[in-house]
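These are the residues of each chain, in order.
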Amino acid sequence: MKNNLNDIVNQFDIQGTVGEIKPLGNGLINDTYKVSTREPDAPDYVLQRINDSIFTNVELLQHNIEEVTTHIRQKLVEEGEDDIDRKVLTFVKAHNGKTYIKDGQNQYWRISVFIPHAVTVEKVTPVSSYSAGKAFGKFEAQVADITDRLGETIPDFHNMELRRDQLQQAVKEDRAGRVEGVKPLLTNIAQYMDEMCLCQRLFREGKLQKHVCHCDTKVNNMMFDEEGGVLCVIDLDTVMPSLFVSDYGDFLRTAANTIAEDSPEFDKIDFRMDIFYAFTRGYIMSASSFLSPLEISLLPHAAELFPYMQAVRFLWDYLNGDHYWKCNYPEHNLVRAQNQWHLFLKTKEHEAEMKQFVEEVLK
């Protein structure tokens with residue numbers, strides 16, 4: 001494998017000569033390696049195999065990433081920022097003129113410059129959540145004016161009406177013979193379906209527009225410097241036009257749950273308001289420059305939408321026979337769906353409190 005990876009790296013216009021190539025990180029989608037160079041003045045690099053079974057249009061994927069990183073770099077130059085190479089990802093051109101290559105085994109690869117003296121954090125705390133809100137809001141603000149230059153790498157990724165239709169089709173087909181056993185949950189979900197499709201209706205009416213969103217706003221998708229300051233947002237594969245709910249709601253769905261999303265201990269589930277306060281304050285601080293008053297007023301709705309949507313998606317996969325998510329036991333997806341349903345209800349209990357906090361932050 002080492003010789004093969006060397007051959008791949010040699011197809012890119014890197015500086016220096018390759019010293020060693022070692023696995024990097026624990027990503028679930030792409031295979032990632034650190035490429036160390038021998039010369040002290042040459043940068044190190046990050047080599048990734050792009051998972052084209054998930055990102056089927058690699059050309060569009062890389063187009064979006066190039067547009068976003070080039071635009072942010074230009075903004076940083078205009079703002080007089082220093083140390084720019086550590087504040088935005090830099091992708092290396094291959095000999096074919098693109099930022100990716102396709103090898104002899106029909107696998108896709110890309111290389112970016114490794115950011116030195118930088119770390120990620122895994123722990124969700126009010127401090128890291130505030131940093132995440134501020135960083136992801138700033139990221140969206142920086143690229144708010146290039147929405148029409150990007151395509152959707154995963155169309156309708158966070159479209160609640162699509163998820164509704166998929167669930168209804170799964171119930172109708174009942175491929176795994178499981179509908180009878182989940183009728184109470186289906187009834188409960190149906191009671192809120194019209195409310196949870198609000199944003200799609202507002203979008204069709206022209207009251208909401210799509211923005212460039214990261215669409216994977218986890219706390220470990222930011223790079224920090226050694227003093228704890230945020231350098232830049234990373235993992236840009238899912239960057240695409242989407243409704244504002246994508247980045248805000250998705251972060252809170254995972255970060256504000258008091259237990260893991262597949263835990264069966266539903267009685268321990270709660271919605272962490274300390275995480276909500278911190279993330280929301282940071283996000284509004286950065287994103288209020290481009291969000292409309294309607295969008296800001298709907299932030300609490302976005303916090304409710306994402307556990308609801310994920311409950312629908314887990315239940316859809318359970319009814320279809322567990323083909324989308326990997327399961328460790330037969331009822332795994334059902335437990336996930338019930339977990340997210342309980343989180344949705346807990347989030348809903350805090351609706352008035354969330355609305356009041358958003359209003360206070362705006363003042």
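Structure first, text after, so check above.
Keep in mind the model is a prediction, meaning the values are calculated, not measured.

Give a description of the sheet that holds strand E3 (residues 45–50) that names residues and reports values.
Sheet architecture is open: five strands sit in the order E1-E2-E3-E5-E4, paired in antiparallel fashion. Every interior strand has two partners, whereas the edge strands, strand E1 (18–23) and strand E4 (101–102), have only one. Here E3 runs beside strand E5 (residues 108–113); their pairing, made up of six bridges, is antiparallel. Opposite Val 46, over in E5, you have Ser 112 as the bridge partner. Across the sheet, helix H2 (residues 58–78) touches E3 and E5, and the angle it forms with E5 is around 10°.

Go over H2, please, and point to the residues and values.
Taking 1.5 Å as the rise per residue, H2 with 21 residues should run 30 Å; its terminal C-alpha atoms sit 30 Å apart, in good agreement. Within two residues after H2, Gly 80 carries a phi angle of roughly 75°, on the positive side.

Any chance you could break down the pattern of salt bridges for me, citing the residues and the numbers?
Enumeration according to the criterion identifies 28 salt bridges in this entry. With its nearest N and O atoms 3.0 Å apart, the salt bridge here joins Asp 83 to Arg 86. Note on Arg 86: relative accessible area 17%, which makes it buried. A salt bridge links Glu 304 to Lys 348, with the nearest nitrogen and oxygen atoms 3.3 Å apart. With Glu 304 in helix H10 (residues 299–320) and Lys 348 in helix H11 (residues 332–349), this pair connects stretches of sequence that are 44 residues apart. Residues joined in a network through salt bridges with shared partners are Glu 195, Glu 304, Lys 348, Glu 351 and Lys 355.

Describe the pairing of E3, naming the residues involved and giving the relevant values.
Counting buried positions over the six residues of E3 gives six, a clear majority of the element. Side-chain alternation along E3 places Tyr 45, Leu 47 and Arg 49 on one buried face and Val 46, Gln 48 and Ile 50 on a second face that is also buried. Both strand E2 (residues 31–37) and E3 contribute to a ladder of five bridges, which runs antiparallel. Bridge pairing links Val 35 to Tyr 45 in E3.

Any chance you could break down the layout of surface pockets for me, citing the residues and the numbers?
Taken as a whole, the second largest pocket encloses approximately 410 Å³ of empty space. Secondary-structure elements contributing two or more residues to the lining of the second largest pocket are H2, helix H3 (126–142) and strand E9 (230–233). Among the elements that make up the lining of the second largest pocket, the one with the highest residue count is H3 (eight residues). Looking at the lining of the second largest pocket, its residues break down into 14 nonpolar, six polar and four charged.

Tell me about the side chain of Thr 99, residues and numbers included.
Mapping Thr 99 onto the fold places it in the loop between H2 and E4. When its relative accessible area of 3% is taken as the criterion, Thr 99 is described as buried. With near-sequence residues (within four places) excluded, Thr 99 lies in contact with Phe 12, Gln 62, Glu 66, Phe 91, Val 92, Lys 93, Trp 109 and Arg 110.

Describe the environment of Thr 125, naming the residues involved and giving the relevant values.
Tracing the backbone shows Thr 125 in the loop between strand E6 (118–119) and H3. Between the C-alpha atoms of Thr 125 and Ala 255, which are 130 residues apart in sequence, the distance is 8.6 Å.

How would you explain the sheet that holds strand E8 (residues 222–225) if you had to name every residue and give the values?
Pairing is antiparallel across the open sheet formed by three strands, whose spatial order is E6-E8-E9. Because the sheet does not close on itself, it has two edges, and the strands there are E6 and E9. Its contacts with the sheet put H3 on E8 and E9, and the angle it makes with E8 is roughly 115°.

Summarise the packing of helix H5 (residues 183–196) against H10; cite the residues concerned and give the values.
At a closest axis distance of 11 Å, the pairing of H5 and H10 adopts a crossing angle of 140°. Here H5 is positioned oblique relative to H10, judged by the angle of their axes. Both H5 and H10 take part in a crossing whose hand is left-handed. Residue-level inspection shows Leu 185, Leu 186, Ile 189, Tyr 192, Met 193, Glu 195 and Met 196 of H5 in contact with H10, the latter providing His 301, Glu 304, Leu 305, Tyr 308, Val 312 and Leu 315. In the contact of H5 with H10, the residues fall into ten nonpolar, one polar and two charged.

Tell me about the packing of aromatic side chains, and name the residues and values.
For the structure shown, the criterion picks out 18 aromatic pairs. When the ring of Tyr 100 is compared with that of Tyr 108, the centres are 6.0 Å apart and the planes differ by 50°; the resulting orientation is tilted. With respect to class, Tyr 100 is no different from Tyr 108; both count as buried. For the pair Tyr 192 and Trp 341, a centre-to-centre distance of 5.8 Å together with 65° between the ring planes defines the contact as edge-to-face. Of the two residues, Tyr 192 sits in helix H5 while Trp 341 sits in helix H11, which places them 149 residues apart along the sequence. Above the face of the Phe 114 ring, Lys 34 is positioned so that its terminal group lies 4.2 Å from the ring centre.

Mind laying out empty space enclosed by the protein, listing which residues take part and the relevant values?
By the definition in use, this model includes one cavity of 30 Å³ or more. Empty space within the largest cavity amounts to approximately 40 Å³. What lines the largest cavity is simply His 158, Met 160, Met 196, Cys 197, Leu 198, Cys 199, Gln 200, Leu 243, Val 245, Leu 305 and Met 309. Every element with two or more residues in the lining of the largest cavity is listed here: helix H6 (198–204) and H10. When residues of the lining of the largest cavity are assigned to their parent elements, the largest contribution, three residues, is made by H6.

Cut-offs and rules
Residues numbered from 1 in each chain as written. Predicted model: local features only at pLDDT ≥ 70, side-chain atom pairs only at ≥ 80, totals over all residues. Heavy atoms only, no water. Pairing = 2+ DSSP bridges. Helix = DSSP H or I, 4+ residues; strand = E, 2+ residues; numbered from the N terminus. Contact = heavy atoms within 4.5 Å. Axes fitted to C-alpha atoms, helices over the stretch in contact; angles between N-to-C directions. Expected span 1.5 Å × (residues − 1). Salt bridge = Lys/Arg side-chain N within 4 Å of Asp/Glu carboxyl O. Buried < 20%, exposed > 50% of the residue type's maximum accessible area, 1.4 Å probe, protein only. 1 Å grid on protein atoms, 1.4 Å probe; cavity = no way out; pocket = protein on both sides within 12 Å on 5 of 7 lines; lining within 4 Å. Points joined across faces, edges and corners; volume = space filled by probe spheres on them. Nonpolar A, V, L, I, M, F, W, Y, C, P; charged D, E, K, R; others polar. Parallel < 35°, antiparallel > 145°, perpendicular 65-115°, else oblique. Left-handed = near helix turned anticlockwise from the far one by under 90°. Phe/Tyr/Trp six-rings, centres within 6.5 Å; stacked < 30°, edge-to-face > 60°. Lys NZ or Arg CZ within 6 Å of the ring centre and 35° of its normal.

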